[in-house]
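Listed here are the chains, written in short residue letters.
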Amino acid sequence: MKKLIPILLAVGIMMLGACKEKKQSEEIITTKYVPKKPGAPVSMPPKETAEQVSWAGKPYEVKISRAAVDSLPMVANEIGQKYVDNRITLTILRGDGSVFFSKSFSKASFLSYLTADYRRDGLLTDMRFKDVKGSELNFIVTIAEPEATDDEFLPLALSVNRDGGIGIKVEDDLDFLINRDDYDEEP
């Protein structure tokens, strides 16, 4: 019993010490919110592709080049960051190297096919060769908002016929994206 009393006394003192109220600090630590400020206008890097195709039994070369153009209207996001729009040039060369078709496109070339959101906030981001069907070469044109995820874009179908005429419509068949491992570039 004599050994139990000091142990109980020590446990009681510890319990009283644990119940003692700790003094709260009066300092309040906060972080100041500093809104992100827009920087210099952002541009997509230039890009060029060339692809050999057979059209009506003859060889052709399809060249597509994209370049950011400062003179085009810029698009801004919610913080005011500006993005430079692009011009895409499509050139179709005959087998002998002569030019069959050459035209430059900007977002303005597609305005009548765009929703109000893409007219206001979209950039012309890409053009890809899709396929040859009958007398037409078919392409996919993408309009996307800056910093959009890979699946947020408006696809347009552009076709060039044997007379050099073009047709444009909103693309509703997105099967062309399946197994296109080169279609992963961010706008």
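Source: prediction; values computed, not measured. Just so you know, the residues in each chain are numbered from 1, in the order the chain's sequence is written. Local features in this predicted model are restricted to residues whose pLDDT is 70 or higher, and side-chain atom pairs enter the listing and the counts only when it is 80 or higher, whereas totals over whole chains, interfaces and linings include all residues. Values shown for side chains rest on all heavy atoms present in the structure; no hydrogens or waters enter the calculation.

K.L.:
Lay out the pattern of salt bridges with the relevant residues and their values.
P.N.:
Salt bridges are defined as contacts in which a side-chain nitrogen from Lys or Arg sits within 4 Å of a carboxyl oxygen from Asp or Glu. Tallying each qualifying case throughout the model produces five salt bridges. Salt-bridge contacts for Arg120 lead to Asp121; the nearest nitrogen and oxygen are separated by 3.2 Å. Residue Lys130 pairs with Glu171 through a salt bridge whose shortest N-O separation is 3.5 Å. Of this pair, Lys130 sits in strand S7 (residues 123–133) while Glu171 sits in the segment after strand S10 (166–170); the two residues are 41 residues apart in sequence, bridging distant segments of the chain. Each residue's exposure class comes from its accessible area (1.4 Å probe, protein chains only) as a fraction of the maximum for that residue type: buried when under 20%, exposed when over 50%, partly exposed otherwise. A relative accessible area of 8% means that Glu171 is categorised as buried. Counting from the N terminus, the helices are DSSP H or I runs at least four residues long and the strands are E runs at least two residues long.

K.L.:
Account for the confidence of the model for the chain, with residues named and values stated.
P.N.:
Taken residue by residue, the chain gives an average pLDDT of 84. The fraction at 70 or more is 77%. By definition, pLDDT measures how confident the predictor is in each residue, and it falls between 0 and 100. By definition in these notes, contact holds between two residues if any of their heavy atoms fall within 4.5 Å. Here residues 178–187 is a poorly scored stretch, pLDDT under 50, and it has 18 contacts once near neighbours within four places are set aside; other chains count.

K.L.:
Mind laying out the sheet that holds strand S8 (residues 136–144), listing which residues take part and the relevant values?
P.N.:
Adjacent strands of a sheet form backbone hydrogen bonds with each other and so pair up, either parallel or antiparallel. Ordered in space as S7-S8-S9-S10, the four strands form an open sheet in which the pairing is antiparallel. The open sheet has two edge strands, S7 and S10, and neither has a second partner. The sheet shows a mean angle of 25° between the axes of neighbouring strands, taken without regard to direction. At least two DSSP bridges between two strands are required for those strands to pair. As defined by bridge partners, strand S9 (residues 153–161) adjoins S10 across five bridges and the pair is classed as antiparallel. Angles run from 0 to 180 degrees between N-to-C directions of axes, and those axes are lines fitted to C-alpha atoms, restricted for helices to the stretch in contact.

K.L.:
I'd like a rundown of the pairing of S8, residues and numbers included.
P.N.:
As a general feature of sheets, a regular strand has side chains that alternate between the two faces. Among the nine residues in S8, eight count as buried, and that is most of the element. Alignment of S7 against S8, held across nine bridges, turns out to be antiparallel. The residue of S8 that forms the bridge with Val132 is Leu137. Linking S7 back to S8 in an antiparallel pair, the connection comprises two residues, with Gly134 at a positive phi of about 60°. Across nine bridges, the pairing between S8 and S9 is antiparallel. Bridging from a neighbouring strand, Val141 pairs with Leu156 of S9.

K.L.:
Explain the side chain of Gln81 to me, and be specific about the residues and the numbers.
P.N.:
Of note, Gln81 is situated in the loop between strand S3 (75–76) and strand S4 (82–83). With a relative accessible area of 10%, Gln81 lands in the buried category. In protein, a polar contact requires one atom able to donate a hydrogen and another able to accept it; more generally it is a pair of N or O atoms within 3.5 Å, and residues adjacent in sequence count only if both atoms are side-chain atoms. Within the structure, the side chain of Gln81 is placed 2.7 Å from the backbone nitrogen of Gly39, a separation counted as a polar contact. Setting aside chain neighbours within four positions, we find Gln81 in contact with Pro38, Gly39, Ala40, Pro41, Val42, Val75 and Ala76.

K.L.:
Could you give an account of the sheet that holds strand S1 (residues 47–55), with specific residues and numbers?
P.N.:
Taken together, four strands build an open sheet; the order of strands is S1-S2-S5-S6 and the sheet is antiparallel. The open sheet is flanked by S1 and strand S6 (99–105), the only strands paired with a single partner. Each adjacent strand pair in this sheet contributes to an overall mean axis angle of 15°, direction not counted. Bridge count for strand S2 (residues 58–68) against strand S5 (residues 86–94) is nine bridges, and the pairing is antiparallel. Following the sheet pairing, Ile64 is matched in S5 by Leu90.

K.L.:
Which residues make up the packing of aromatic side chains, and what values go with them?
P.N.:
Here a ring pair, both rings aromatic, is described through the centre-centre distance and the interplanar angle of the planes. For Phe, Tyr and Trp, where Trp contributes only its six-membered ring, two rings pair if their centres lie within 6.5 Å, and the inter-plane angle classes them as stacked under 30 degrees, edge-to-face over 60, or tilted in between. In total, this model carries five aromatic pairs according to the counting rule given. Arranged with centres 5.4 Å apart and planes meeting at 80°, the rings of Trp55 and Phe100 form a pair that is edge-to-face. You can see Trp55 sitting in strand S1 and its partner Phe100 sitting in strand S6, a full 45 residues away along the chain. The interplanar angle of 25° and the centroid separation of 5.6 Å between the aromatic rings of Phe105 and Phe110 together place this pair among those described as stacked. Accessibility assignment for this pair places Phe105 and Phe110 in one class, buried. Ring-pair connections join several aromatic residues into one group, and the members of that group are Trp55, Tyr60 and Phe100. Each ring is checked for a lysine NZ or an arginine CZ that lies within 6 Å of its centre and within 35 degrees of its normal; such an atom marks a charge sitting over the ring. Above the plane of the ring of Phe105 lies Lys103, whose end atom (NZ or CZ) is 5.5 Å from the centre. For the cation-ring pair, Arg162 lies above Trp55, with the distance from its terminal atom to the ring centre recorded as 4.7 Å.

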